[in-house]
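# Per-entry structural report
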Amino acid sequence: MGSLRDIQTVALSEIKKRFSLNPVRLKYPFPERSKRTLGLVRVDGEVYSSEQFSRVVMMKIDLPFYLSVRSTFLRPRIELDLPVFTGEIVITGKKRMVMVDIHRAGDEGQHDDSALFDRMIQIRDRYPSLLKKSGAVQGEIQSVFSRAAVQARITEEQDDDATGVFREYLNVFLDLTQKTTPLSGEALDKAKNAFEKYLKTVVDHDPGVKGYKVLFGKESGVTRALDIFFDR
């Protein structure tokens with residue numbers, strides 16, 4: 001299936017089969033180079049929105065000859081009251097850390113996603129090589145992941161398995177998005193409140209936001225992250 005560096009080509013192909021995407025104009029347009037790293041770290045990517053999605057993010061972070069990060073994030077509009085899709089690939093040489101999940105934004109037990117997670121686990125179980133070495137994120141942010149999350153440390157030889165589970169989880173998520181109708185009234189207000197709590201957890205604890213603070217400074221890093229991922 002090719003290198004995990006090209007995983008976002010796979011993702012965009014699957015999404016565009018079902019949805020029409022519109023490019024988003026960011027406050028700090030891509031590509032960017034971090035002055036704090038003397039311009040060595042390059043941040044690039046594509047950000048879209050659509051009728052169904054507030055954000056479809058394909059972010060690429062590269063440090064020449066050492067590090068490649070591919071962050072994929074899909075957030076349906078709040079009125080759909082759906083989980084988010086996240087995919088994180090970190091490549092250093094032949095080693096990779098892979099995280100793929102569909103999880104609720106500030107759920108607090110308000111939804112029964114058992115059927116969704118069971119389906120995801122059935123998919124995950126078809127890729128046993130990805131379960132051999134855990135790549136679980138430490139700290140408070142771990143609380144947002146689902147019980148069906150894929151969090152693994154793998155090698156280059158396992159790229160095809162990682163691409164396979166990524167593609168299958170993504171298509172489960174796209175199926176769910178296509179079938180969901182918008183909320184209104186009190187139910188929509190509850191969904192908005194839940195999202196605000198989730199957003200605070202992400203800003204305070206997400207490794208990606210922390211990384212942006214390192215690259216661009218505390219205030220500017222958060223500003224960039226919120227604009228890219230949460231249209232704030």
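Residues numbered from 1 in each chain as written. Predicted model: local features only at pLDDT ≥ 70, side-chain atom pairs only at ≥ 80, totals over all residues. Heavy atoms only, no water.

### Remarks on the overall build of the protein chain
Of the regular secondary structure elements, the protein chain holds six helices and eight strands. Along the protein chain, from the amino end to the carboxyl end, the secondary structure elements read α-β-β-β-β-β-β-β-α-β-α-α-α-α. The C-alpha radius of gyration of the protein chain comes to 17 Å, within 12% of the 17 Å expected for a compact globule of 232 residues. Counting contacts in the protein chain only where the partners sit at least 6 residues apart, residues at least 24 apart contribute 62% of the total. A distance of 5 Å separates the average location of the 37 positive side-chain charges in the protein chain from that of its 33 negative side-chain charges. (Helix = DSSP H or I, 4+ residues; strand = E, 2+ residues; numbered from the N terminus. Rg over C-alpha atoms; globule rule 2.2 N^0.38 Å. Contact = heavy atoms within 4.5 Å. Lys, Arg positive; Asp, Glu negative; His and termini not counted. Charge placed at Lys NZ, Arg CZ, Asp CG, Glu CD.)

### Focus on the pattern of salt bridges
For the coordinates displayed, the defined rule picks out 13 salt bridges. For Arg18, the salt bridge identified is with Asp175, shortest N-O distance 2.7 Å. Here the residue Arg18 occupies a position in the loop between helix H1 (7-16) and strand S1 (22-23), and Asp175 occupies one in helix H3 (residues 159-179), the gap between them amounting to 157 residues. Between Glu32 and Arg224 there is a salt bridge whose closest N-O contact spans 2.8 Å. Residue Glu32 is located in strand S2 (residues 32-33), and its partner Arg224 is located in helix H6 (residues 218-230); the two are separated by 192 residues in the primary sequence. Here Glu32 matches Arg224 in class, with each residue buried. (Salt bridge = Lys/Arg side-chain N within 4 Å of Asp/Glu carboxyl O. Buried < 20%, exposed > 50% of the residue type's maximum accessible area, 1.4 Å probe, protein only.)

### A word on the nonpolar core
Of all hydrophobic cores here, the largest spans 37 residues; its most connected members are Ile15, Leu74, Phe85 and Tyr169. At the level of elements, H1, strand S4 (53-63), strand S6 (84-92), strand S7 (95-103), helix H2 (114-124), strand S8 (150-155) and H3 are the ones that each hand at least two residues to this core. Tallying contributions element by element places H3 first for this core, with eight residues. Core analysis: the next-biggest nonpolar cluster, separate from the first, contains 32 residues, Met59, Val202, Val203 and Ile228 among them. (Core = buried A, V, L, I, M, F, W, Y, C linked by side-chain atoms within 4.5 Å.)

### Some thoughts on the packing of helix H5 (residues 207-216) against H6
At their nearest, the axes of H5 and H6 sit 7 Å apart, and the two run at 130 degrees to each other. Our classification of the angle between H5 and H6 gives oblique. The hand of the H5/H6 crossing is right-handed. Contact with H5, carried on its side by Val209, Tyr212, Lys213 and Phe216, involves Lys218, Ser220, Gly221, Val222, Arg224, Ala225 and Ile228 of H6 and no other residues of that element. Partitioned by chemical class, the residues of the contact of H5 with H6 number six nonpolar, two polar and three charged. (Axes fitted to C-alpha atoms, helices over the stretch in contact; angles between N-to-C directions. Parallel < 35°, antiparallel > 145°, perpendicular 65-115°, else oblique. Left-handed = near helix turned anticlockwise from the far one by under 90°. Nonpolar A, V, L, I, M, F, W, Y, C, P; charged D, E, K, R; others polar.)

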